[in-house]
Amino acid sequence: MNALSTALIYVVGVVGTAVVGLLSKWIDRKVSARIQWRVGPPWYQPVADIIKLLGKETIVPEAARKTGFLLAPLVGLAAVSVAAAILWAANIRPELDFVGDVIVVLYLLTIPAIAIIAGGAASGNPHGVVGASREMKTLLAYELPFVLAIICAIVAKDNSFKLGDLVTTNVVGGWAVAGSVIAFVIAIFCIQAKLGLPPFDMAEAETEIMGGVYVEYSGAALAVVQLTRAMMLATLPIFLVTVFWGGFSFQSWAILGSILKYVVILVVLILVKNTNPRVRIDHALKFFWFVLTPVAVLAVIMSLAGSSL
Amino acid sequence: MSLKTWAFKKSPWVYHVNVGACNNCDIEILDCLTPRFDIERFGMLLVPSPRHADVLLVTGIATRQAVPRLREVYEQTAKPCAVLCIGHCACSMGIFAPSYHAAGPPDKIIREIDPNAIIAYVPGCPPKPEAIILGAVKALSVV
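Note that the coordinates shown come from a computational prediction; the quantities given were computed from them, not determined experimentally. (Residues numbered from 1 in each chain as written. Chains lettered and ligands numbered in written order. Predicted model: local features only at pLDDT ≥ 70, side-chain atom pairs only at ≥ 80, totals over all residues.)

What follows covers the overall build of chain B. Across its full length, chain B holds six helices and five strands. Listing each helix as α and each strand as β along chain B from the N terminus yields α-β-α-β-β-α-β-α-α-β-α. For 143 residues, the compact-globule estimate of 2.2 N^0.38 gives 15 Å, and the C-alpha radius of gyration of chain B, at 14 Å, lies within 12% of that figure. Looking at chain B as a whole, 47% of its 143 residues are labelled buried. Counted over contacts in chain B with a minimum sequence separation of 6, partners at least 24 positions apart contribute 80%. (Helix = DSSP H or I, 4+ residues; strand = E, 2+ residues; numbered from the N terminus. Rg over C-alpha atoms; globule rule 2.2 N^0.38 Å. Buried ≥ 20, exposed ≤ 12 C-beta atoms within 10 Å, placed from the backbone. Contact = placed C-beta atoms within 7 Å.)

This part is about the interface of chain A and chain B. On the chain B side, the residues contacting the 25 residues of chain A number 17 residues. Breaking the side of chain A that touches chain B down by element, the ones donating at least two residues are α2 (45–54) and α9 (219–244) of chain A. The leading source of residues in the side of chain A that touches chain B is α2(A), at five residues. Residue composition of the side of chain A that touches chain B, by class: 11 nonpolar, seven polar and seven charged. (Nonpolar A, V, L, I, M, F, W, Y, C, P; charged D, E, K, R; others polar.)

Glancing now at the packing of helix α7 (residues 174–194) of chain A against α9(A). Residue and element names in this part refer to chain A. Here α7 crosses α9 at 165 degrees, and the two axes come no closer than 11 Å. One finds that α7 runs roughly antiparallel with respect to α9. Once α7 is placed against α9, the crossing between them reads as right-handed. Of the residues in α9, those in contact with Ser 180, Phe 184, Ala 187, Ile 191 and Lys 194 of α7 are Leu 236, Leu 240 and Phe 244. Grouping the constituent residues of the contact of α7 with α9 by class yields six nonpolar, one polar and one charged. (Axes fitted to C-alpha atoms, helices over the stretch in contact; angles between N-to-C directions. Parallel < 35°, antiparallel > 145°, perpendicular 65-115°, else oblique. Left-handed = near helix turned anticlockwise from the far one by under 90°.)

This brings us to the pairing of strand β3 (residues 55–59) of chain B. Residues and elements named next belong to chain B. For β3, a buried count of five out of five residues is recorded, marking the element as mostly surrounded by other parts of the structure. The side-chain alternation of β3 yields two buried faces, one formed by Val 55, Leu 57 and Thr 59 and the other by Leu 56 and Val 58. Here five bridges tie strand β1 (residues 13–18) to β3, and the two strands are oriented parallel to one another. Each residue of the ladder has a partner; that of His 16, found in β3, is Leu 57. Direction of pairing for β3 relative to strand β4 (residues 82–86): parallel, over a ladder of five bridges. The partner of Thr 59 across the bridge, within β4, is Ile 86. Chirality of the crossover, the property in question, places the unit of β3, helix α3 (residues 67–76) and β4 among those that are right-handed. (Pairing = 2+ DSSP bridges. Right-handed = clockwise from strand over helix to strand, strands pointing away.)

Next up on the list: the sheet that holds β1(B). Residue and element names in this part refer to chain B. An order of β2-β1-β3-β4-β5 is seen for the five strands of this open sheet, with the pairing classed as parallel. A strand with exactly one partner marks an edge of an open sheet, and here the two such strands are β2 (45–46) and β5 (118–122). Helix α5 (residues 106–113) contacts β3, β4 and β5 of the sheet and is inclined by roughly 160 degrees relative to β4. Sheet strands touched by helix α6 (residues 129–142): β3, β4 and β5. Its angle to β5, the strand with the most contacts, is close to 155 degrees.

In this section: unusual backbone geometry. Put simply, B:Lys79 and B:Pro80 share a cis peptide bond, and its omega is 0 degrees. Tracing the backbone shows B:Pro80 in the loop between α3 and β4. Positioned with a positive phi, A:Trp37 is a non-glycine residue whose angle comes to about 65 degrees. Positionally, A:Trp37 belongs in the loop between α1 (2–35) and α2. The exposure class of A:Trp37 is exposed, given the 10 C-beta atoms found within 10 Å. Of note, the phi angle at B:Met93 is positive, near 75 degrees, even though the residue is not glycine.

Moving on to helix α3 (residues 66–92) of chain A. Spanning 27 residues, α3(A) covers 40 Å between terminal C-alpha atoms, matching the ideal 39 Å at 1.5 Å per step. Along its length, α3(A) reaches its greatest deviation from straightness, about 30 degrees, at A:Ala72, and the proline A:Pro73 lies no more than four positions downstream. (Expected span 1.5 Å × (residues − 1). Bend = angle between axes of the 7 residues up to and from the residue.)

The next thing to look at is the nonpolar core. Among the nonpolar cores identified, the biggest contains 95 residues, and A:Leu87, A:Ala149 and A:Cys152 are the most heavily contacted of them. Considering every element that reaches this core, the biggest residue donor is α9(A), with 18 residues. In this structure, A:Cys152 is in contact with A:Gly179, A:Ser180, A:Ala183, A:Ala296, A:Ala299, A:Val300 and A:Ser303, ignoring residues within four places of it in sequence. Core analysis: the second largest hydrophobic core is formed by 42 residues, B:Val17, B:Tyr74, B:Ala90 and B:Ala120 among them. (Core = buried A, V, L, I, M, F, W, Y, C linked by C-beta atoms within 7 Å.)

You can see A:Ile103 is positioned in helix α4 (residues 101–122). Along the backbone, A:Ile103 and A:Ile151 are 48 residues apart, and their C-alpha atoms lie at a distance of 10.0 Å.

Moving on: the confidence of the model for chain B. When pLDDT is averaged along chain B, the result is 86; 100% of the residues meet or exceed 70. Of the two predicted TM-score estimates for the complex, the pTM is 0.87 and the ipTM is 0.84. (pLDDT = per-residue confidence, 0-100.)

Moving on to the environment of B:Cys25. Residues and elements named next belong to chain B. Looking at where Cys 25 falls in the secondary structure, it is placed in helix α2 (residues 24–32). The class for Cys 25 is buried, based on 27 C-beta atoms found within 10 Å. Separated by 69 residues in sequence, Cys 25 and Gly 94 have C-alpha atoms that sit 13 Å apart. Excluding anything up to four places from it in sequence, Cys 25 contacts Thr 59, Ile 86, Gly 87, Pro 126 and Pro 127.

Structure representation (structure tokens):
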């Protein structure tokens, strides 16, 4: 019975993330449209997109490596599904966590980017290869400050590597709180790049490299890519709320607070996306390595000082 | 109406193919994306690659240089897809019909490689955005 309910939580986590992700995609498009003084698409738009793509022909280019090209989106989807299941389990029932699940989730959230690098490189298209190279540079740029920001939260919360502890522990001490707030802001910048949203969408720049890594994907493969991106859009804010913002609560009125936390992060991402032009790849690298990383190191030191007092 | 048809009608992604237009029709197509017309209300999205497209917006007379490219773009598009010939040039080549460099009209080129292609025509020089949206609605009602 217990094993059954645990399995049920994981299934709910994956399906729920897909639903929340598609809804978030709609919120993204709707808010973007309202910012540009347009009306925007109806609420079922992302679902219609996925169903339509599933009904279309999947083309594998002659120059492509067939296995890698078609396997890459599935690997990304699998990784983000597992990460989502672990995160939901930690929020619904914190005792389901295990030592080091923060690290597991960090790795799992990197895999969709790596999968899409492989897929773009296997597509045999010059635009895809350029996009893959840019995606790799973006990955190298944002991973360092992102991991430092997560370390900051871990240090501030009794050096625990368990998601359940990160949800339940409160940060105490002025320095630790300040460090965690800085780390939270840095992490928002990093997930902006992780999601491939402007200003960090160099890898898919529609106007210069025609979708970059996604240029050759069509039909069902593109549907999987879109679903992966929608699930990432849900999983990364959930991850940030879990690590920095006390997690989600599903009891009576606290649900409203949980939804508010998620929507606030989502709307911040959308506003940054709509008010900033795409940066150049070297500018992004400089921004993440020479601006955000030193600040992240500072935040870790502040958290260390705060928690040792 | 099956689920597949419903989804196709609710999310037609468009790709813009210019095969020798004077840019007037292209500006009118971009007008459809602006707040006044906002075709994203109907789920239409301008996509960067023909692999993602459901509707090809063809403008221009199809010059001799452009014909192989048009053929290739049509073959690259994932089927099922519809074609929208926008402007007099794309419908009948207009005043350029007797020109030495004209090899079109584009619908003839597309019919040569796919006799069953779904092709809609939006005449006008350039057509109004309202006319383009009406053409898209008519093309999708056939699907």
